[in-house]
Amino acid sequence: MKFILMMNMPRGTGEYEIFKWAPEAIKAHIDFMRSLNKDLREAGQLVSCEGLTPPNQARIVRAGKGGAPEVTDGPFAESKEFLAGYWIVDVESPEQAYAIAGRASTAPGRDGEPLNMAIEVREVMSGPPA
């Protein structure tokens, strides 16, 4: 079973607050994420993972007249959170995905304490039976 684990952060200004942290706090956070990813890779559970740029760099694209893309700033201003990154994991049960998300949520923050950030877990749908 594949699941996407989406790391959501409070929207705030649309910038990553981590850029305001002390260098040692940033290093601890990055080291935690690297360790988590290494463990998932070694367990054969990591399909992919990526961090994303802040929302102020996001754009919304729609098909315009004649099919040419129309690009506008985004995401929508009323968003309370934004997607900071994600993991796609391949596990045997939803509970395993929840355990990984729980671990990811404990990434250290500015003061070294766990961030307890929200991790949204959703199963990745497969195609219909052949």
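See the structure above.
A brief report on the enclosed structure follows. None of the values given here were measured: they were computed from a predicted structure.

Rules used throughout
- Residues numbered from 1 in each chain as written.
- Predicted model: local features only at pLDDT ≥ 70, side-chain atom pairs only at ≥ 80, totals over all residues.
- Heavy atoms only, no water.
- Buried < 20%, exposed > 50% of the residue type's maximum accessible area, 1.4 Å probe, protein only.
- Helix = DSSP H or I, 4+ residues; strand = E, 2+ residues; numbered from the N terminus.
- Pairing = 2+ DSSP bridges.
- Polar contact = N/O pair within 3.5 Å; in protein donor to acceptor, adjacent residues only side chain to side chain.
- Contact = heavy atoms within 4.5 Å.
- Expected span 1.5 Å × (residues − 1).
- Arc of directions from axis to C-beta.

For strand β4 (residues 69-73), the tally of buried residues reaches only zero of five residues, placing the bulk of the element at the surface. The hairpin turn running from strand β3 (residues 59-63) into β4, its antiparallel successor, is five residues long, and G66 in that turn takes a positive phi close to 75°.

This part takes up the side chain of H29. Topologically, H29 is positioned in helix α1 (residues 23-42). A residue is classified by how much of its surface remains accessible, and H29, at 10% relative accessible area, is buried. At a separation of 2.9 Å, a polar atom in the side chain of H29 contacts the main-chain carbonyl oxygen of P108. Contacts of H29, omitting those with residues within four sequence positions, involve I18, W21, A107, P108, L115 and M117.

With that settled, the discussion passes to α1. Taking 1.5 Å of rise per residue, 20 residues should cover 28 Å, and α1 covers 28 Å from first to last C-alpha, within 8% of that figure. All of the buried residues along α1 are A25, H29, F32, M33, L36, N37 and L40. Each buried residue of α1 lies within a common arc of 125° when the element is viewed along its axis, so the set occupies one face. Projecting away from the buried face of α1 at angles above 90 degrees are the exposed residues P23, E24, K27, R34, R41 and E42. On its buried face, α1 sits against β1 (2-10), β2 (46-51), β5 (81-90) and α2 (94-105). Phi turns positive one or two residues past the end of α1, at G44, with a value near 75°.

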